Amino acid sequence: MRLLETMMPQVAALIGVVVGTVGTIIATTVAERARWRRSQMVRWDERRLDAYADFTRAVKEIHLLALGMLSAHRPGARTPALDREEGLVRLAQADVRHTLTWEAVLLLGDEVTVGAASAWRHEVRALEQAARSLPDPPDNLTELVRQADETRDGFYRAARGSLGVRGGIVDQVRRPAGNRVPAIRL
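Presented here is a report on the structure given in the accompanying data block. Given the structure is predicted, the values throughout are model-derived calculations rather than measurements. Every chain's residues receive numbers from 1 upward, in the order its sequence appears when written. Per-residue local features of the predicted model are confined to residues with pLDDT of at least 70, and side-chain atom pairs are confined, for both listing and counting, to 80 or more; whole-chain, interface and lining totals are unaffected and use all residues. Where side-chain values are given, they derive from all heavy atoms of the structure, hydrogens and water being excluded.

Details of the overall build of the protein chain
Numbering of helices and strands runs from the N terminus; a helix is a DSSP stretch of H or I covering at least four residues, while a strand is a stretch of E covering at least two. A count of helical and extended segments in the protein chain gives four helices and zero strands. The order of helices and strands in the protein chain, counted from the N terminus, is α-α-α-α. Values of the radius of gyration come from C-alpha atoms, whereas the globule rule sets the reference at 2.2 Å times the count of residues to the power 0.38. Scaling as 2.2 N^0.38, a compact globule of 186 residues should have a C-alpha radius of gyration of about 16 Å, whereas the protein chain reaches 29 Å, well beyond that. Whether a residue is buried, partly exposed or exposed follows from its accessible area with a 1.4 Å probe, protein chains only, as a fraction of its type maximum: under 20%, in between, or over 50%, in that order. The buried share of the protein chain, taken over its 186 residues, is 30%. Across the protein chain, the fraction of contacts at a sequence separation of at least 24, relative to all contacts at a separation of at least 6, is 68%. In this description, accessible areas are obtained by the Shrake-Rupley approach with a 1.4 Å probe, and a residue is regarded as covered only by the protein chains that are shown. Working note: accessible area of the protein chain is about 12,600 Å², and carbon and sulfur atoms make up 60% of it. Two residue types count as positive, namely Lys and Arg, and two as negative, namely Asp and Glu; His and chain ends fall outside the count. Working definition for charges: the position is that of NZ of Lys, CZ of Arg, CG of Asp or CD of Glu. Computing the positive centroid from 27 side-chain charges and the negative centroid from 23, the protein chain places the two 7 Å apart. In this description, contact between two residues means that some pair of their heavy atoms is separated by no more than 4.5 Å.

Here it is, written out as structure tokens:
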């Protein structure tokens, strides 16, 4: 009995040390896993952002080249005119860049963003085809430009959602005068 009385405090202390050690190991493991997951999310978000930005530049380049080639056929166009032959060469080069960036969007983008990217890509292709059809452009150039602009805005909304970017609507399509955001005076 005396042995039991002297051993009980030591056993209690030993149990406390074991429980404390196990608790520390569990807490450290959980914290490390959470930190690793966060770092992986940041890493993939950075890559996704790069993929979206590269894709945007590539598609926008094709869009601007097509608008330049079509400039003479669009009343009030602000895009500098681009010679058809030079435009075709530059479109071919831009198409290669676009194809490469598209693969990264397919690999890293979520379903909604890939769908929006595909829709924008499709509408810009329609503009590109109109530019390639010169000297006989289609009659609906204004509509083609509007559709490309609207689908671009859809892609931006989806990409911002995919990346968790907040800040409200950033649509670039011209809004009717009643829906415009007032200019800020400095």
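The structure having been displayed, the exposition proceeds.
Some points on the side chain of arginine 74
Along the chain, the position of arginine 74 falls in the loop between α1 (2-70) and α2 (84-108). Just to be clear on terms, a salt bridge is a Lys or Arg side-chain nitrogen sitting within 4 Å of an Asp or Glu carboxyl oxygen. No salt bridge is formed by the buried arginine 74, whose closest oppositely charged neighbour, aspartate 149, lies at an N-O distance of 7.3 Å. Among residues more than four places away in sequence, those in contact with arginine 74 are Leu67, Thr79, Leu141 and Val145.

Overview of helix α3 (residues 111-132)
What sets the pattern is the α-helix's 3.6 residues per turn: residues three or four places apart point alike. To estimate how far a helix should reach, multiply one less than its number of residues by 1.5 Å. Taking 1.5 Å of rise per residue, the 22 residues of α3 would be expected to cover 32 Å, and the 31 Å separating its terminal C-alpha atoms lies within 8% of that figure. Listed as buried for α3 are Thr113, Val114, Ala116, Ala117, Trp120, Glu123, Val124, Leu127, Glu128, Ala130 and Ala131.

Let's talk about unusual backbone geometry
Here the residue pair leucine 134 and proline 135 is connected by a cis peptide bond, since its omega of 20° sits within 30 degrees of zero. Turning to its location among the elements, proline 135 is positioned in the loop between α3 and α4 (141-163).

Overview of the environment of arginine 125
Locating arginine 125 in the fold gives a position in helix α3. Residue classification places arginine 125 among the partly exposed positions, given a relative accessible area of 28%. The contacts of arginine 125, once residues within four sequence positions are left out, are Asp95 and His98.

All quantities given are derived from atomic positions and should not be read as evidence of function.
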